Amino acid sequence: MGGDHGPPVAVAGIARDLADWKAAGVRFLLHGDQAKIEAELARAPGVAALCEIRHTDLVISSDGKPAQAMRRGKGSSMWNAVESIRQSEAHAAVSAGNTGALMAIGLLILRMMADLERPALVAAWPSAKGVKSVLDVGANIECDAQRLVEFAILGEAFHRAVHGAAKPSVGLLNVGSEEQKGHDEVREAHRILREGNFDLNYYGFVEGNDIAKGTVDVVVTDGFTGNVALKTTEGVARFFINELRAALASTLLSRIGAAIALAGLQRLRRRLDPPDGAPLLGLNGIVVKCHGSAEAKGFASAIRVAVNLAQSQYATDIERNLEHLTKALASQGAAKANNGAPEKIG
């Protein structure tokens, strides 16, 4: 029921890849206003056969506070969708609703994996070498070294599961590639990743321009930096497309040229429009956030992310590397304790 469009986009999103879902045996629980959902199913032949409606009148508003969602959200469409994972009725949940509320409800109902503290939002990012993954893009504004290492573990497992890379490369976003560059937390995360014996293809530091170049498959940063980079990139892409459209429509000759180059321009637009669907990585369950303004194509993309994660070894990969992180931190703590011990006098 969430997002700018509600049931029309959710149902149309299922319909876009209906043949794939039938072949894979994927089914859907649709939580929300039954009358509105049934009206959309009537416009989408074949979709109803894969769906079961779970009626509720309660909806979390787009501007609702996360704390309010936790206190008053029980029984809402978003709450019930996440609850269906905990009850083992569903393998994953997809929502275009309030991001803060979805995170709060996910934390409350599903809790975090292992010793993780908070989930991370990962974004698909277009690059010169295909779609890459960047996290965190807004869930965690301040991050210490341990959080950054956790993001590396989460992002690597996600990229393998969703984008099919056998051994994704992981980079840590910094203001330079030199060892002495960056603040204390990013340098400490770099040291842990380099020395911690993780089952990761760790590349080292990368800079902002490396994201678009596709230098690594997974770029790790804090939520403040990641969100600024994401919004800046979206704004630049939108500006570029709008300026290009205006230039190509300015004269008769340019319009003729645009018509001739239409196929190439459409490919460019697709390259600048990455797949939708940002999972809340680290929860004990798969919850995927779809962009609130997404159309059917974007919602379908978010569904596919959820299905790919549900069919993968994503959780097992994360747990294995988190064990390595626990050992690395324990070893580091023991080393500090020994260095700080008073010298024995015989």
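From a predicted model like this one, the values you see are computed outputs, not experimental measurements.

Calculation notes
- Residues numbered from 1 in each chain as written.
- Predicted model: local features only at pLDDT ≥ 70, side-chain atom pairs only at ≥ 80, totals over all residues.
- Heavy atoms only, no water.
- Helix = DSSP H or I, 4+ residues; strand = E, 2+ residues; numbered from the N terminus.
- Contact = heavy atoms within 4.5 Å.
- Salt bridge = Lys/Arg side-chain N within 4 Å of Asp/Glu carboxyl O.
- Buried < 20%, exposed > 50% of the residue type's maximum accessible area, 1.4 Å probe, protein only.
- Pairing = 2+ DSSP bridges.
- Axes fitted to C-alpha atoms, helices over the stretch in contact; angles between N-to-C directions.
- Expected span 1.5 Å × (residues − 1).
- Arc of directions from axis to C-beta.
- Phe/Tyr/Trp six-rings, centres within 6.5 Å; stacked < 30°, edge-to-face > 60°.
- Core = buried A, V, L, I, M, F, W, Y, C linked by side-chain atoms within 4.5 Å.
- Parallel < 35°, antiparallel > 145°, perpendicular 65-115°, else oblique.
- Left-handed = near helix turned anticlockwise from the far one by under 90°.
- Nonpolar A, V, L, I, M, F, W, Y, C, P; charged D, E, K, R; others polar.
- Disulfide = S-S within 2.5 Å.
- Patch = residues over 30% accessible without salt bridge, like charges linked within 9 Å, V, L, I, M, F, W, Y side chains within 5 Å.
- Areas by Shrake-Rupley, 256 points an atom, 1.4 Å probe, with all protein chains shown as cover.

**So, the environment of Gly292**
The topology assignment puts Gly292 in the loop between β10 (286-289) and α13 (296-310). As for Gly292 and Val305, which are separated by 13 residues in sequence, their C-alpha atoms are 16 Å apart. Among all residues touching Gly292, those that are not within four sequence positions of it are Gly3, Asp4 and Ala96.

**Concerning the pattern of salt bridges**
For the structure shown, the criterion picks out 18 salt bridges. A salt bridge links Arg187 to Asp184; the shortest N-O distance between them is 2.7 Å. In this pair, Arg187 and Asp184 both sit in helix α8 (residues 184-195), three residues apart, roughly one turn of the helix. The exposure class assigned to Arg187 is partly exposed, which follows from its relative accessible area of 29%. The structure contains a network of salt bridges with shared partners spanning Glu179, Glu188, Arg191, Arg194 and Glu195.

**Focus: the sheet that holds strand β9 (residues 278-281)**
Pairing is mixed across the open sheet formed by eight strands, whose spatial order is β3-β10-β9-β4-β5-β8-β6-β7. Each edge of the sheet is formed by a strand with only one pairing partner; in this case those strands are β3 (92-95) and β7 (201-206). The mean inter-strand angle of the sheet, taken between neighbouring strand axes irrespective of direction, is 30 degrees. Running at roughly 175 degrees to β10, helix α6 (residues 99-110) makes contact with β3, β4 (120-127), β9 and β10 of the sheet. The sheet contacts of α8 involve β6 (169-173) and β7, and relative to β7 the element is tilted by about 160 degrees.

**Thoughts on α8**
With 12 residues, α8 extends 16 Å between its outermost C-alpha atoms, agreeing within 8% with the 16 Å of an ideal straight helix rising 1.5 Å per residue. For α8, the full list of buried residues reads Val186, Ala189, His190, Ile192 and Leu193. What you see down the axis of α8 is that its buried residues fit within an arc of 165 degrees, all on one side.

**Re the packing of aromatic side chains**
According to the stated counting rule, one finds one aromatic pair in the structure shown. Aromatic pair Trp21 and Phe28: ring centres 6.2 Å apart, planes at 70 degrees, arrangement edge-to-face. By relative accessible area, which is 2% here, Trp21 ends up buried.

**Overview of the nonpolar core**
Membership of the largest hydrophobic core comes to 92 residues, with the highest contact counts inside it found for Phe28, Leu135 and Val220. Per-element accounting of this core gives the leading share, 11 residues, to helix α7 (residues 145-163). With near-sequence residues (within four places) excluded, Val220 lies in contact with Leu135, Leu148, Phe151, Ala152, Val170, Gly171, Leu172 and Leu173.

**Concerning the packing of α7 against α8**
As a packed pair, α7 and α8 sit with axes 8 Å apart at the nearest point and diverge in direction by 50 degrees. It follows that α7 is oblique to α8 by the angle criterion. Judged by the sense of rotation from one axis to the other, the crossing of α7 with α8 is right-handed. Within the contact between the two elements, α7 uses Ala145, Leu148, Val149 and Ala152 and α8 uses Glu185, Val186, Glu188, Ala189, Ile192 and Leu193. Looking at the contact of α7 with α8, its residues break down into eight nonpolar, no polar and two charged.

**What about the state of the cysteines?**
Per the counting criterion, the structure on display carries zero disulfides. Just so you know, Cys290 is unpaired, no disulfide at all, and the nearest cysteine sulfur is the one on Cys51, 16 Å from it. With a relative accessible area of 0%, Cys290 lands in the buried category.

**Quick notes on a nonpolar patch on the surface**
Judged by side-chain polarity, Ile141, Phe224 and Val228 come together as a nonpolar surface patch covering roughly 290 Å² of accessible area. Along the polypeptide, Phe224 turns up in helix α10 (residues 223-248).

**Focus: α13**
When the terminal C-alpha atoms of α13 are compared, their 21 Å separation across 15 residues agrees well with the 21 Å that a helix rising 1.5 Å per residue should span. Across the 15 residues that make up α13, a large majority, 11, are buried. The set of residues buried in α13 consists of Ala296, Gly298, Phe299, Ala300, Ser301, Ala302, Ile303, Val305, Ala306, Val307 and Leu309.

**Considerations on the pairing of β3**
Of the two faces of β3, the one holding Ala93 and Ser95 is buried and the one holding Ala92 and Val94 is not buried anywhere. Sheet analysis places β3 next to β10, joined by four bridges and oriented parallel. When the sheet's bridge partners are listed, Ala93 is paired in β10 with Val287.

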